[in-house]
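# Notes for the structure review
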Amino acid sequence: MKKISIVIPAHNEEGNISLIQQRIREVFSTLENYRFEIIFVNDGSRDNTQQKLEELANQFEEVKFIELSRNFGHQPAVKAGLDYATGNAVISMDADLQHPPELIRDLIRKWEEGFDIVFTVRTYPKQISRFKRKSSALYYKFLSLISDVNINEGGSDFRLMDSSVVDVVRNMNEADIFLRGLSNWMGFKQTGIPFTAGERATGQSSYNLKKMMKFAFTGITAFSVKPLYMAAYLGFLFSAFAVVGYGIYVIHSFVAKTEISGWASLIMTVVFFGGIQLIILGIIGIYLGKIFKQVKERPNYIIRSKNF
Ligand code: UDP
Ligand code: MG
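Residues numbered from 1 in each chain as written. Chains lettered and ligands numbered in written order. Predicted model: local features only at pLDDT ≥ 70, side-chain atom pairs only at ≥ 80, totals over all residues.

### Side note on the UniProt feature "transmembrane region" (unreviewed entry) in the protein
Worth spelling out the cut-off: UniProt positions are given in the numbering used here, feature names are shortened, and annotations may be inferred rather than shown by experiment. The numbering of helices and of strands both runs from the N terminus, where a helix is a DSSP run of H or I of at least 4 residues and a strand a run of E of at least 2.
Following the UniProt record, the feature "transmembrane region" (unreviewed entry) maps to residues 228-251 and 263-288 here. Segment residues 228-251 splits into 100% helix and 0% strand. End C-alpha atoms: 35 Å apart. In this annotation, residues 263-288 is assigned 100% helix and 0% strand; the end-to-end C-alpha distance for the span is 37 Å.

### Details of the nonpolar core
Applicable threshold: Joined through C-beta atoms within 7 Å, a set of buried Ala, Val, Leu, Ile, Met, Phe, Trp, Tyr and Cys residues constitutes a nonpolar core. Comment: burial labels come from other C-beta atoms within 10 Å of the residue's own C-beta, placed from the backbone, where a count of 20 or more is buried, 12 or fewer is exposed, and between is partly exposed.
Counting 42 residues, the largest nonpolar core has Ile-6, Val-7, Ile-8, Phe-40, Val-41 and Ile-91 as its most contacted members. Top element by residues in this core is strand S1 (residues 2-10). It accounts for five residues.

### Comments concerning the packing of helix H1 (residues 17-29) against helix H2 (residues 49-59)
A pair of packed helices is characterised by two quantities: the angle between their axes and the separation of those axes. Heads up, the rule is: Orientation is described by lines fitted to C-alpha atoms, with helices fitted over the stretch in contact, and by angles between N-to-C directions that extend from 0 to 180 degrees. Here the contact rule is simple: place C-beta atoms from the backbone, and any two residues whose C-beta atoms are within 7 Å are in contact. When residues are sorted by character, Ala, Val, Leu, Ile, Met, Phe, Trp, Tyr, Cys and Pro go into the nonpolar class, Asp, Glu, Lys and Arg into the charged class, and all the rest, Gly among them, into the polar class.
Contact pair H1 / H2: the axes reach a minimum separation of 10 Å and the direction vectors enclose 35°. Residues Ile-17, Ser-18 and Gln-21 of H1 form the contact with H2, whose participating residues are Thr-49, Lys-52, Leu-53 and Leu-56. For the contact of H1 with H2, a count of residues per class yields three nonpolar, three polar and one charged.

### Some thoughts on the environment of Asp-94
On the secondary structure map, Asp-94 appears in the loop between strand S4 (89-92) and helix H4 (104-112). Here Asp-94 falls in the buried class, since 21 other C-beta atoms lie within 10 Å of it. Along the backbone, Asp-94 and Ile-8 are 86 residues apart, and their C-alpha atoms lie at a distance of 5.7 Å. Not counting the four nearest positions on each side in its chain, Asp-94 is found in contact with His-99 and Phe-158.

### Some words on unusual backbone geometry
A negative phi angle characterises most non-glycine residues, just as the trans form characterises most peptide bonds. Even without glycine at this site, Asn-12 takes up a positive phi of about 55°. Secondary-structure assignment places Asn-12 in the loop between S1 and H1. At Glu-297, a position not held by glycine, the phi torsion is positive, near 55°. When you line up the elements, Glu-297 lands in the loop between helix H10 (263-296) and strand S8 (303-306).

### Some points on helix H9 (residues 226-255)
Test applied: Take the number of residues in a helix, subtract one, and multiply by 1.5 Å to get its expected span.
Between its first and last C-alpha atoms H9 spans 43 Å; for 30 residues at 1.5 Å apiece the expected length is 44 Å, and the two agree. Of all 30 residues making up H9, only one are buried, and the element is barely covered by its neighbours. At the C-terminal side of H9, Lys-257 shows a positive phi close to 55°.

See the structure below:
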């Protein structure tokens, strides 16, 4: 019998744990030829998530949990689950039921057809804020423009991976993991299925604007050094401007013998270029920070306890 592992990161999800476990159980009761395990990764929750997990694990043998020592973030939490998954295929999904468990059937069907990675493409329903929908669409456009991997618009972390793919991910030693980009970058035989993201069952989204920005920067800088090239091109462009401007100035003062005045425009130019230089320094800094994080070789996450 083939075994399917479901990996679910959970940060303050006390109200959703047993809901999602029930829904998954129902799905597998109709899939007779598969065994399954659910690995919950408690990512430093401050509510009763841990207690709920322990209760559930006592009741159902398919429930496993990994408690991290603090909040490491969504991506490291998923990585933790992948590292310990034992199934022939591993499905990662959110705890808040925005990823409908019923789709597991379709994911498995595609896997049985021979695909190694089955990703899902999310379309937002009307209830989700316009801002979130638009910003997410814009982000993916921007990402494919300035990086070397193509990430599908509406990419989510609801995805099935064959165990051979999971092995590859397990052996990756990246300080900043970004699974959406990584799974695209790895290749293999991939296919996608669409779904409509629902509302959170209970609780609140942990992603605020600040976290989303950080996630966006991580995604861009983890997969491309294009921003560095852009900085260099910008430098060349402005140097060319300066050369032309200087030429005009020389002609004015030595040939036409007129002085060009303009203190205000001078200051504005200095401030403008000061700003551009700081932005570029910042971009270089982000990459430097990544190298710094990478050379320290700290683990992506630390486990406080687990029940297996
Ligand atoms: N999550 C996590 N660690 C975090 C933030 C989120 O493990 O630091 C989990 C969360 O419990 C959920 C999933 O990641 O299962 C997606 O988070 P959320 O629903 O807050 O994000 P959104 O759906 O709003 O993008
Ligand atoms: Mg959510």
